Amino acid sequence: MAYKESYAGRINRKLNKKLHVVEVAAGRKKADLVLKNATYVNVFCNQLSRGDIAVASGLIAGMGEHYEGEIEVDMSGKLVLPGFVDAHIHLESSLVSPKEFAKAVLPHGTTTVITDPHEIANVMGTDGIEYMLQATEDLPLDVRFMLPSCVPATPLDESGANLDYRAIDSFYEHNRVEGLAEMMNYVGVANADEQVLEKIVAAQAHHKKIDGHAPGLSGNDLNAYVAAGVYSDHECSDMGDALAKLERGQYIMIREGTAARNLDALLPLLTPQYYTYCMFCTDDKHPNDLLEKGHIEEGHRRGRGPHHRRQVREPSCCPLLPAQQPRRHRARLPCRLRYHR
């Protein structure tokens, strides 16, 4: 019989962790790790900062002039920045196991991905979702999940399962499940289909967010889609579509993957007016592209453009914005770092 931690035990465990982090941050206790003399990209204020970075219990406890640690690493001459986040991907599209996928993307600076196991669920139903959750445990890559919203993808499709909101509801209790994945049935949402809307309502009942998938949707149909609670979109292929959704409060995921490449068309979003509502994603990334072109850093590299002023703003779209959205607060932006020689 599995041990179930009591509420009091959980509070005590978290209190001990909090005490450790605060003592380290205040400089009264040695950190677990200190990155000494670091130059780091501060994505909160879009600038390069310098100092020691103290890490305690997997969190950045503080940055300052002098910290001591059980382990100290001199970062002189290196650049430290948060790991990149892929805001929307189907891991199955990599055509390798999650373990092998992690090996491929970590050298490119990706430390977190938010995956939709839609493809495997279309074949295996909830068993496929369970497999993906188990296969991504204890990886050096932080894998978060959005639950598939449309299995089958359309009523005409033949698939291995038909998942209503009841079939996926229990998965919301998993600590790496962040919400409901791309709501592809935007026609059903706009026309107030009850079976479609109940999936959104169920996700919201668990205080989760809903990602979107609505290419070209406009006018009152788009108003209805956003009013239903769909907060993002990764299907924009031109500025007109992106701006229509931004005007209604949606976040835009700029997609640069294998099957679809929208970065060039959406580069004008990477300006002070819009970039705080943008994220990078790949959606699908095949092995040859991962090996030859890289992962999320491809968007960062190409998005910088000729002007140096973009070079600090751009990384904010990679780690900060996907991590700080309401349903992604557990992405733990400060935890995972990378550095350049």
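Remember, predicted model here, so these are calculated numbers, not experimental data. (Residues numbered from 1 in each chain as written. Predicted model: local features only at pLDDT ≥ 70, side-chain atom pairs only at ≥ 80, totals over all residues. Heavy atoms only, no water.)

**Brief notes about the sheet that holds strand E13 (residues 278-281)**
To be explicit about the condition: Two strands make a pair as long as DSSP finds a minimum of two bridges between them. Secondary structure counts use DSSP, requiring at least four H or I residues in a row for a helix and at least two E residues in a row for a strand, with both numbered from the N terminus.
The strand order across the open sheet built from 3 strands is E11-E12-E13, with neighbouring strands paired in parallel fashion. Two strands close off the open sheet at either side, each with one partner strand: strand E11 (232-233) and E13. Relative to strand E12 (residues 251-255), E11 runs parallel, the two sharing 2 bridges. Looking at the pairing, Ser232 lines up with Tyr251 of E12.

**Some thoughts on the side chain of His234**
Going by this rule: Here a polar contact means two N or O atoms within 3.5 Å. Within protein one must be a hydrogen donor candidate and the other an acceptor candidate, and residues neighboring in sequence count only if both atoms are side-chain atoms. In this description, contact between two residues means that some pair of their heavy atoms is separated by no more than 4.5 Å.
With respect to the helices and strands, His234 occurs in the loop between E11 and helix H9 (239-247). At 3.2 Å, the side chain of His234 and the side chain of Glu182 are in polar contact. At a separation of 3.2 Å, a polar atom in the side chain of His234 contacts the main-chain carbonyl oxygen of Gly212. Setting aside anything within four residues of it in sequence, one finds His234 in contact with His88, Glu182, Gly212, His213, Met253, Arg255, Asn262, Cys281 and Asp283.

**Topic: the nonpolar core**
For clarity, the cut-off: What is meant by a nonpolar core is a set of buried Ala, Val, Leu, Ile, Met, Phe, Trp, Tyr and Cys residues, joined one to another through side-chain atoms within 4.5 Å. Summary of the burial criterion: residues with accessible area below 20% of their type's maximum are buried, those above 50% are exposed, and those between are partly exposed, where the area comes from a 1.4 Å probe applied to protein chains only.
In this structure, Phe101, Ile129, Ile168, Leu180, Met183, Ile200 and Tyr225 are the most contacted members of the largest nonpolar core, which totals 41 residues. Every element with two or more residues in this core is listed here: helix H2 (98-105), helix H3 (118-124), helix H4 (126-135), strand E8 (142-147), strand E9 (177-183), helix H7 (194-205) and helix H8 (219-227). What Ile168 contacts, discounting residues up to four positions off in sequence, is Ile129, Leu147, Pro148, Leu163 and Leu180. In terms of nonpolar packing, the next biggest core, distinct from the first, is built from 17 residues, Leu81, Leu266, Cys278 and Ile296 among them.

**A word on the packing of aromatic side chains**
Heads up, the condition is: Under the pairing criterion, centres of Phe, Tyr and Trp rings, with the six-membered ring standing for Trp, must be within 6.5 Å; the plane angle then separates stacked pairs below 30 degrees from edge-to-face pairs above 60, leaving the rest tilted.
Evaluation of the coordinates by the stated rule reveals 2 aromatic pairs. Ring plane angle 50 degrees and centroid distance 5.6 Å describe the contact between Tyr231 and Tyr251, whose orientation is recorded as tilted. With a gap of 20 residues between them, Tyr231 in the loop between H8 and E11 and Tyr251 in strand E12 connect regions that are remote in the sequence. Overall, the relative accessible area of 10% leaves Tyr231 in the buried class. Consider the rings of Tyr251 and Tyr277, whose centres lie 5.5 Å apart with planes at 40 degrees: the pair is tilted. Of this pair, Tyr251 sits in strand E12 while Tyr277 sits in the loop between helix H10 (263-266) and E13; the two residues are 26 residues apart in sequence, bridging distant segments of the chain. Three or more aromatic residues joined by ring pairs form one cluster here, namely Tyr231, Tyr251 and Tyr277.

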